[in-house]
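# Close look at the chain arrangement
One letter stands for each residue in the lines below.
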Amino acid sequence: MSNVPVRPLQGQKALVTGASSGIGAAVARAFAAAGAAVGVNYRSHPERAGQIVEDIRSAGGEAVVLRADVSSEDEVRAMFDEFGSAFGRTDILVANSGIQRDAAFTEMTLDQWRRVIDVNLTGQFLCAREAVRRFLAQSPDPSISRAAGKIICMSSVHEVIPWAGHVNYAASKGGVMLMMKSLAQEVAQAGIRVNGIAPGAIKTPINREAWETPEAERKLLKLIPYGRVGEPEDIGKAAVWLASDASDYVVGTTLFVDGGMTLYPGFRENG
Ligand code: BGC
């Protein structure tokens, strides 16, 4: 018999940014199924965020939509206020919003560089700072979690794999990794657990071109020893574990969920 609770996030209040599509949407759904009340943040697609909230509610869960651009300090603060008024407390943040603006290095505009850093790195800073403030301002509730708060920073295999043509994106994710670890070191003594997830190639809108046609998928699979492109649900399940007490001793770590993409698959037949 297993002693893993069926709903490991029961009673917890979780805010997920960038939750109207892709990995964020899967995390929101997985969290709701695990018993959390979920804030579904979006920036530009209210109808998609609304659909996710509706699905969660019709399955008996609790969710609210929250509009905010995570790169805006004021909007992030207002979003946490709204989340707090809806659910009373904040237990978990999944800082997931992320974008790509790809370009060859000599063609990359300052705007492409800035937008990616603003959303992927500064956005996580702003949301994590607000979450930590909320965690510290409320009393911990050991009946729902051993930790006083949990943050999951959605990173990428590109926090360690250099990526030509995507210098802004790789720089943002490398930054996320050391922001996550430095923050984890700073707040662990307050009972707050900060960790990261580094997805590999997952079928979402951000990389549609890389998996949409059979030729593209065949090429992509050369980079994935496990032989399949990931599904958003693969990340949803990992996030539930990392947010739950099952991972209570996991602090400041990146969990790679990548089918082995970080195993240097080029060395199977070479080197
Ligand atoms: C990127 C995807 C890419 C994957 C693996 C992700 O972080 O957003 O576009 O397919 O890394 O390279």
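Refer to the preceding data block for the structure.
Read on for an overview of the structure. (Residues numbered from 1 in each chain as written. Predicted model: local features only at pLDDT ≥ 70, side-chain atom pairs only at ≥ 80, totals over all residues. Heavy atoms only, no water.)

### Considering helix 2 (residues 46-58)
Under the 1.5 Å per step criterion, the end-to-end length of helix 2 is 18 Å for 13 residues, consistent within 8% with the ideal 18 Å. Residues of helix 2 that are buried include every one of A49, I52, V53 and I56, and no others. Looking down the long axis of helix 2, one finds its buried residues gathered within 95° of arc, a one-sided arrangement. Among the exposed residues of helix 2, those pointing more than 90 degrees away from its buried face are E54 and S58. Packed against the buried residues of helix 2 are helix 1 (22-33), strand 2 (37-42) and strand 3 (63-67). The positive-phi residue at the C-terminal boundary of helix 2 is G60, with phi of around 95°. (Helix = DSSP H or I, 4+ residues; strand = E, 2+ residues; numbered from the N terminus. Expected span 1.5 Å × (residues − 1). Buried < 20%, exposed > 50% of the residue type's maximum accessible area, 1.4 Å probe, protein only. Arc of directions from axis to C-beta. Contact = heavy atoms within 4.5 Å.)

### Here's the deal with the environment of R134
The residue R134 is located in helix 4 (residues 110-137) in this model. Separated by 50 residues in the primary sequence, R134 and G84 have C-alpha atoms spaced 8.9 Å apart. At 2.8 Å, the side chain of R134 and the side chain of E130 are in polar contact. (Polar contact = N/O pair within 3.5 Å; in protein donor to acceptor, adjacent residues only side chain to side chain.)

### Quick notes on the pattern of salt bridges
Once the charged atoms of two side chains with opposite charge are near each other, the side chains can pair. Using the criterion set out here, one finds 14 salt bridges in the structure. For the salt bridge of R129 with E73, the shortest nitrogen-to-oxygen distance reads 2.7 Å. Pair noted here: R129 is in helix 4 and E73 is in helix 3 (residues 73-87), with a separation of 56 residues, a long-range link. Assessed through its relative accessible area of 23%, R129 is described here as partly exposed. In this structure, D74 engages R77 in a salt bridge whose closest nitrogen and oxygen atoms are separated by 3.7 Å. With D74 and R77 both in helix 3 and three residues apart, the pair spans about one turn of that helix. Note on D74: relative accessible area 52%, which makes it exposed. When its relative accessible area of 33% is taken as the criterion, R77 is described as partly exposed. (Salt bridge = Lys/Arg side-chain N within 4 Å of Asp/Glu carboxyl O.)

Distances and angles like these do not, on their own, reveal function.
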